[in-house]
Number of protein chains: 2
Amino acid sequence: MSEVEERITRIKQHKGVKGLLIVGDDGNIIRNTLGSGSDKESKSYAHHVSEIAKKAKSVIRDINPLDDLTFFRIKAKRQEILVAPDKSYFLIVIQNIDEDNDAINRS
Amino acid sequence: MSEVEERITRIKQHKGVKGLLIVGDDGNIIRNTLGSGSDKESKSYAHHVSEIAKKAKSVIRDINPLDDLTFFRIKAKRQEILVAPDKSYFLIVIQNIDEDNDAINRS
């Protein structure tokens, strides 16, 4: 199994992970583990998140041209989107937030 | 001292915090502790980050209309931007990343 496949398998096994997407700079989906019934959702994640990633890269570079985006995280009440940019693609991990788990973290 | 002032003072005292901004939905700066010499930088943070926050809100709502953005974090090699959205404004905290500290975290 290739290193990328191993990494994908490991991420998918994390508790709460709903799935992951590998998206090119252009927003095209290269890899998708969210399952066939979630095409609309996957496209929405891919489009919006790659747009946000480009904006995040530019605010970082605007402030310091020598700096570089390494990671970003969007947290909501019921889900979390974790994004690791690479040279020409983004790894996007979608994680469900377990209500009681989140309550424990915040207590 | 009002509760908001106390909270701002506490945040400012965190190790590595460069400053914070309170920005309205429209991107206007309501409060800025980054210091007078950083007008251009503050405006860039305010503009870009409120744009990103709106996009992050819409991707969350796109996927699940009942869900809501609670927090997001943009991490770069030398700085980190932490954003807590509220009803009509965003609290933006800018944190410098201490090279060796980050290396310790990642070892």
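Every value quoted in this text rests on a predicted model; they were computed, and no experiment measured them.

What about the relation of the copies chain A and chain B?
Mapping chain A onto chain B leaves a residual RMSD of 0.0 Å; the transformation is a rotation of 180° accompanied by 0.0 Å of translation along its axis. As the rotation angle and translation indicate, the two copies are arranged about a two-fold axis. It is R73(A) whose C-alpha, among those of chain A, lies nearest the rotation axis, at 2.6 Å. In this assembly, 100% of the residues forming the interface of chain A have copies in chain B that are likewise at the interface, indicating an isologous arrangement.

A look at the pattern of salt bridges
Scanning the entire structure with this criterion turns up 12 salt bridges over all chains. For K55(B), the salt bridge is made with E51(A), and the minimal N-O distance between the two is 4.0 Å. Here E51(A) lies in helix 2 (residues 39-63) and K55(B) lies in helix 2 (residues 39-63), a pairing that spans two chains. Note on K55(B): relative accessible area 23%, which makes it partly exposed. Overall, E51(A) belongs to the partly exposed group, its relative accessible area being 31%. Notably, a salt bridge pairs D68(A) with R61(A), separated by 3.0 Å at the nearest N-O pair. The partly exposed category is assigned to R61(A), whose relative accessible area is 41%.

Points about the UniProt feature "domain: Roadblock/LAMTOR2" (unreviewed entry) in chain A
What UniProt calls "domain: Roadblock/LAMTOR2" (unreviewed entry) maps, in this numbering, to residues 4-95 of chain A. Overall, residues 4-95 of chain A shows 38% helix and 37% strand. The separation of its end C-alpha atoms is 19 Å.

Quick look at the interface of chain A and chain B
Counting residues at the interface gives 30 residues for chain A, matched by 30 residues for chain B. At the boundary of chain A with chain B, total buried surface from both sides reaches about 2,900 Å², with 60% on carbon and sulfur atoms. Counting the contacts that link chain A with chain B gives two salt bridges. Our count for the chain A to chain B interface comes out at 17 residue pairs in polar contact (both at pLDDT 80 or more). Those elements that place two or more of their residues in the side of chain A that touches chain B are helix 2, strand 3 (69-76) and strand 4 (79-85) of chain A. When the residues that make up the side of chain A that touches chain B are grouped by side-chain class, the tally is 13 nonpolar, six polar and 11 charged. Where strand 3 of chain A and strand 3 (residues 69-76) of chain B come together, seven bridges link them in antiparallel fashion.

Calculation rules
- Residues numbered from 1 in each chain as written.
- Chains lettered and ligands numbered in written order.
- Predicted model: local features only at pLDDT ≥ 70, side-chain atom pairs only at ≥ 80, totals over all residues.
- Heavy atoms only, no water.
- Least-squares fit on C-alpha atoms with pLDDT ≥ 70 in both.
- Contact = heavy atoms within 4.5 Å.
- Salt bridge = Lys/Arg side-chain N within 4 Å of Asp/Glu carboxyl O.
- Helix = DSSP H or I, 4+ residues; strand = E, 2+ residues; numbered from the N terminus.
- Buried < 20%, exposed > 50% of the residue type's maximum accessible area, 1.4 Å probe, protein only.
- UniProt positions renumbered as here; feature names shortened; annotations may be inferred.
- Buried area = accessible area lost by both parts, 1.4 Å probe.
- Polar contact = N/O pair within 3.5 Å; in protein donor to acceptor, adjacent residues only side chain to side chain.
- Nonpolar A, V, L, I, M, F, W, Y, C, P; charged D, E, K, R; others polar.
- Pairing = 2+ DSSP bridges.

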